[in-house]
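So the chains spell out like this:
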Amino acid sequence: MSEVQRKKYSDKEKNSIFDHEFMPHIDSMYNFAFRLTFDEDDAKDLVQDTYLKAYRFINSFEKGTNAKAWLFRILKNSFINEYRKKSKQPSKVDYQEVETYYNSDNVDYNMTSDLRVDAVKDMLGDEISNALNSLAVDFRTVIILCDLEGFTYEEMAKILDIPIGTVRSRLHRARNLLKDKLRSYAENMGYDTEEE
């Protein structure tokens, strides 16, 4: 359907599409957003932003097509745009908050910890999640879309806006990277990891 032929939906039709075609995918959207951001609040913000954009541009959605793929593409593009925006901004520190903390009577200077250790301490034991999260975002994204969300290669190509051959090669490389990262874990769990 070309831009000229696109139907302008009434408010009732917009609400119906939103409720019946978009909202059933909210859990999948949150899971994908969380895997990209590693933060509950950021994931919720990303999903909210995605649904806001979906409603705002609902006239560009063709009723009866794959709403889930359309939403995932919006979410992925929003994540990339936000990531680019944040990467160009300098880090921000609230010095007043730091000063207040270190001037308080509750501070124990021996207790200030390494944030890298704190960030992973609750995740130890979940080797698969750690391995997946350690992949570069491009590889992590294709694993999530294909193996966790069940999208076809064609749908993934549309969501990621890349050729289908790139989807296949990226997925192959991502699976091999994941396999390498999980090899010792599999051996510890009693699986035979010898190559044939």
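Presented here is an overview of the structure given in this document. Here the structure is a predicted model, which is why all the values come from computation and not from measurement. (Residues numbered from 1 in each chain as written. Predicted model: local features only at pLDDT ≥ 70, side-chain atom pairs only at ≥ 80, totals over all residues. Heavy atoms only, no water.)

### Some words on the side chain of lysine 68
Phase 1: The topology assignment puts lysine 68 in helix α4 (residues 67–88).
Phase 2: Among the polar contacts listed, one links the side chain of lysine 68 to the side chain of glutamate 149, at a separation of 3.3 Å.
Phase 3: If sequence neighbours within four positions are ignored, lysine 68 has contacts with His25, Ser28, Glu149 and Phe151. (Helix = DSSP H or I, 4+ residues; strand = E, 2+ residues; numbered from the N terminus. Polar contact = N/O pair within 3.5 Å; in protein donor to acceptor, adjacent residues only side chain to side chain. Contact = heavy atoms within 4.5 Å.)

### Remarks on the packing of aromatic side chains
Phase 1: Scanning the entire structure with this criterion turns up nine aromatic pairs.
Phase 2: With 5.9 Å between their ring centres and 75 degrees between their planes, phenylalanine 18 and phenylalanine 22 make a pair best called edge-to-face. Residue phenylalanine 18 and its partner phenylalanine 22 are both found in helix α1 (residues 11–22); the two are separated by four residues, about one turn of the helix.
Phase 3: Classification of phenylalanine 22 as buried rests on a relative accessible area of 0%.
Phase 4: Between phenylalanine 18 and tyrosine 51, the ring centres sit 5.7 Å apart and the planes meet at 80 degrees, which makes this aromatic pair edge-to-face. Within this pair, whereas phenylalanine 18 is found in helix α1, its partner tyrosine 51 is found in helix α3 (residues 40–56), the two being separated by 33 residues in sequence. (Phe/Tyr/Trp six-rings, centres within 6.5 Å; stacked < 30°, edge-to-face > 60°. Buried < 20%, exposed > 50% of the residue type's maximum accessible area, 1.4 Å probe, protein only.)

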